[in-house]
Structures are given as C-alpha cells and as structure tokens.
Amino acid sequence: MTLKLRSISLREIQMPLLEPFRISSGTASLRRILLLETMDVDGVTAWSECVAGEKPYYSPETVDTAWLAIKQWIAPRVLNKPISSPSIIHQDLDTSLRGHRMAKAAVEMSIWGLTAERERVSLVSLIGGSRHKVATGISIGIQKTPQQLLEKIREALGKGYRKVKVKVQPGADLDYLESVRAALGQDAPLMADANSAYTTADFDHLTKFDQFNLMMIEQPLACDDLVRHADLQRQLTTPLCLDESITDVDRADDMLRLGSGRIVNIKAGRVGGLATAQAIHDRCASAGVPVWCGGMLESGIGRAYNVALASLPNFTLPGDISPSSRYWKQDIVSPEWTMDTAGLLTVPHESPGIGVAVDRDYVDSLTVRSEILTAD
Ligand code: OSB
Ligand code: MG
C-alpha cells in the first residue's frame, strides 16, 4: 500500500524531568524534545519523537541539528514521493546523506506509525512484535553518595524493576558498587553504564568490576573504539554491552567478529530507525547474542516505539523502558505508560497505530516553536 506524505510538522516541546539525570558525559534536567507529526495526502496522521538531546553529549546530534537536517535534507527526500514500504526508507535516506541518524530515525519511525494508522493495525503487529509484556529496567543517574544510590536502588527494586542500571564514571564507581553489593547481596540484577568515561589506561581498574557480579558493563570506552572494547572484553569475565558504538548493522557485525561485547543495547534513534534496529536484532539473534531496548528519556510518544521494538523475540533482557511516572509529572500521552508490580509493561497489540493517544492541548501548551514542512 503506497503512501505519500503531504507534510511533516516539527515542534519543540520542553518538559522538566522529575529529577535531573546525570551521566558521565553531562546532566539533563529540562528536556527539550523534538516531536514530529506526519500527515499523508489522505489526511492520516502519526506522531514520532527524535531522541537527540539538547547538547552533543551522547552523540554529535542535538535537537537543533536534527531540526535543521530534517528540514534541509531529510524531509525533501520523503515529502510527496511514493513510499511503498516503511522498511526501505532508510536506504533512500542513507544514500549520499551521512550521519544525522537520530533525525532520520524520527522521520522513518513516523512513517512506520503512519503505515500502522493507515492499515488500522498496531505498530507492534506491523513490525512483527511477539511479546505481550516487556520486562522493565531503570537507569539511575550518578548520585552524590553511595548511600543515595543505594536508597534509589532499594526503591526501584521495591517497585518491581527487573534490572537496575547504575551510571558510573571514574571517581563514582567501585566504592558505589561495593556499598550497593554489600547491602543487597550478589544476586540483585545490577549493571553499570559508563557512557565512554574510561580509556585503555583504566583496564586494571575496570577488571575490578568483575567482583560485583554485574549483568554487564555498558560502553566503558569510546564510541568508535570496537578494537579496544575487544581487548577489554578478553580481560573481563563480565559481559560488555555496547550502546554508542553500534550505529548500524555493520557495526554490530564488527562487534560480533571482533568480540567487542556480548550484548547489544538497541535504540532505534541511534541507528537511524526501526528497520535498522530490527536488522541488528536479527543479526544478533542469529549469532546468539541477546539484546535489550535502551532509552533516551523519551516522552510517551518515543516510548511507544521503544515498547513495540522491545516486543521482538530476541529482546530477552529488561529494557530501559520505565513507566511515564519515572520521568514526568504528566506524560503527553494517554493512557500513560505504566508498569505492574512484577516489573512488566503491557504491549499494545490491539489498538491501531502506536497504541497511545497524544494529548494535543497539553502538547500545545508545552510547545516553544513549530514549523510545518511541505513539498512546495
Ligand atoms: O546511555 O543509555 C544511555 C539517557 C540519555 C542518554 C544516554 C543514555 C540514557 C539512559 C536513560 O540511560 C535510559 C532511560 O531512558 O530511562
Ligand atoms: Mg548507555
């Protein structure tokens, strides 16, 4: 079923996080979020979210570069052109247009959402999601003291979260993990994420992480350094998980060939969209490598796409897909995303589209700028 896009509306909303989120590369407190609302020539619409942050801390992209890239280069490639399937858009977008994966992903995902709306099927069934519940984890930012971290982890485990990810950096790592393990025992489902805070000079230090029985250590080294991640993995018993390094299927393949890690955190935004996220999932599945769905502090719109992705069969580890209330006083979708006491989130298989309705009045009240892109 071929579709044609009439317009892409860009808007920036600003939403304060309930608490600031600190990682080794920077802190987020007020989220500036780029939302897209795409309309086809028949007037069918769909929402999507760009995961770029305010500053280039996690990746080179930002809200502002994504806005520019979509307007100048990405939208002109898709507006008013026949689109035969959402699964091939990424090929058109990648030809002679380098990088800007988060910007591309926002457009690509809106076309998945729009296709689901047009065909009156759920996004989940459109991408072939099979799970009815997804296991939920929480990502906890760097805290001022080990005691504060321990309190946060206790609270999270009490709520039912299936995995607790602790952000670490030099100076806030071993002593934090040590107090947490001493208090909670070796079995609590813990992992660490360094967001590239370490270098080869830290290898001896990093081998000390092995004593904490972590589920994995995420992205300890630089984003473009698969070779040294492989060196490090050979020295560790704890599995390495790559996040920033895996930007496309070939990078996942490089990781598998080199042994740079044993687990992948998949974020559709980081890899240019859902089709590539699925392809990485498939590649890892055939290599026997488990994956899980990462998060980028999304609103309820981005979360809908994460939930759909996480319902694919090889997403066997709990994702960073926390409920709306972990981030926001009020989310922009209804129903809000909720988690049960077993740490499970329900996958919307039945309702057509992304599975949640967007509260337009609330989104309008949060909007600080907007622009409508059309072919003419
Ligand atoms: O490294 O996974 C990361 C948030 C912003 C940028 C990078 C990361 C994160 C998270 C948050 O860990 C996960 C979530 O959305 O809850
Ligand atoms: Mg990460």
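Residues numbered from 1 in each chain as written. Chains lettered and ligands numbered in written order. Predicted model: local features only at pLDDT ≥ 70, side-chain atom pairs only at ≥ 80, totals over all residues. Heavy atoms only, no water.

## Comments concerning helix H5 (residues 146–159)
Short version of the rule: Secondary structure elements are defined from DSSP: runs of H or I of at least 4 residues count as helices, runs of E of at least 2 residues count as strands, and each element is numbered from the N terminus. To estimate how far a helix should extend, the number of its residues minus one is multiplied by 1.5 Å. Think of it in three bands: with a 1.4 Å probe and only protein chains considered, a residue is buried below 20% of the maximum accessible area for its type, exposed above 50%, and partly exposed in between. This arc describes the spread of directions from the helix axis toward the C-beta atoms. Whether two residues touch is decided by their heavy atoms; if any such pair falls within 4.5 Å, the residues are in contact.
End to end, H5 covers 20 Å across 14 residues, agreeing with the expected 20 Å (1.5 Å per residue, within 8%). Of the residues making up H5, those classed as buried are Leu 149, Leu 150, Ile 153 and Ala 156. Relative to the axis of H5, the buried residues are bounded by an arc of 130° and lie together on one face. In this structure, the buried residues of H5 make contact with strand S5 (137–140), strand S6 (163–167), helix H6 (174–184) and strand S7 (190–193).

## Concerning the environment of Ala 357
Within the secondary structure, Ala 357 is located in strand S14 (residues 357–358). The class of Ala 357 is partly exposed, set by a relative accessible area of 41%. Considered as a pair, Ala 357 and Trp 47 are 310 residues apart in the sequence and their alpha carbons are 9.5 Å apart. In this structure, Ala 357 is in contact with Ile 332, Val 333 and Ser 334, ignoring residues within four places of it in sequence.

## Examining the coordination of the magnesium ion (ligand 2)
Our working definition: Counted as donors are the N, O and S atoms within 2.8 Å of the metal, or 3.2 Å for Na, K and Ca, while water is not among the atoms, so some sites may look incomplete.
Each protein donor to the magnesium ion (ligand 2) is listed here as Asp 193 (OD), Glu 218 (OE) and Asp 243 (OD); together their distances run 2.1 to 2.3 Å. Sequence positions of the residues that donate to the magnesium ion (ligand 2) give the spacing D-x24-E-x24-D. Note that Glu 218 is positioned in strand S8 (residues 217–218) and Asp 243 in the loop between strand S9 (240–242) and helix H9 (249–258), a separation of 25 residues in sequence.

## Quick notes on the domain arrangement of the protein chain
The following threshold applies: Residue ranges labeled as domains rest on an automatic or database domain assignment. Buried area is a sum: the accessible area each of two parts loses on coming together, probed at 1.4 Å, counted once for each and added.
Its domain assignment divides the protein chain into domain 1 (5–120 + 356–374) and domain 2 (125–346). A separation of 23 Å is found between the C-alpha centroids of domain 1 and domain 2. Domain 1 puts 41 residues into the contact, and the matching count from domain 2 is 49 residues. For the pairing of domain 1 and domain 2, the buried interface totals around 3,800 Å² over both sides, and the portion due to carbon and sulfur atoms is 65%.

## Here's the deal with the sheet that holds strand S1 (residues 5–23)
Let me state the cut-off plainly: When DSSP locates at least two bridges between a pair of strands, those strands are taken to pair. Axis lines are fitted through C-alpha atoms, for helices just across the contact stretch, and the angle between N-to-C directions can take any value from 0 to 180 degrees.
As summarised here, the arrangement of the 4 strands in space is S3-S2-S1-S15, forming an open sheet in which the pairing is antiparallel. Each edge of the open sheet carries a strand with a single partner, namely strand S3 (45–50) and strand S15 (367–374). With strand direction ignored, the average angle separating the axes of adjacent strands in the sheet is 25°. Where helix H3 (residues 101–119) meets the sheet, its contacts fall on S1, strand S2 (26–40) and S3, and the angle it forms with S3 comes to roughly 155°.

## So, the environment of Gln 219
Here is the rule we go by: For this analysis, a polar contact is any N or O atom pair within 3.5 Å, provided that within protein one partner can donate a hydrogen and the other can accept it, and provided that sequence-adjacent residues contribute only side-chain to side-chain pairs.
As for its placement among the helices and strands, Gln 219 is situated in the loop between S8 and helix H8 (226–235). Sequence spacing of Gln 219 and Pro 76 is 143 residues, and the spatial spacing of their C-alpha atoms is 35 Å. Contact partners of Gln 219, with chain neighbours within four places excluded, come to Asp 193, Ala 194, Asn 195, Ser 196, His 229, Cys 241, Leu 242, Asp 243, Glu 244 and Ser 245. Within the structure, the side chain of Gln 219 is placed 3.0 Å from the backbone oxygen of Leu 221, a separation counted as a polar contact. A distance of 3.3 Å separates a polar side-chain atom of Gln 219 from the backbone oxygen of Ala 222.

## Some thoughts on the pairing of S7
Cut-off, in case you're wondering: Whether a crossover is right-handed depends on one test, that the path from the first strand over the helix to the second runs clockwise when the strands point away from the viewer.
Residues Leu 190 and Ala 192 line one face of S7 and the alternating positions Met 191 and Asp 193 line the opposite face, and both faces are buried. Bridging between S6 and S7 involves 4 bridges; their strand directions are parallel. Across the sheet, Lys 165 pairs through a bridge with Met 191, a residue of S7. Chirality of the crossover, the property in question, places the unit of S6, H6 and S7 among those that are right-handed. Relative to S8, S7 runs parallel, the two sharing 2 bridges. When the bridges of S8 are listed, Ala 192 appears paired with Ile 217.

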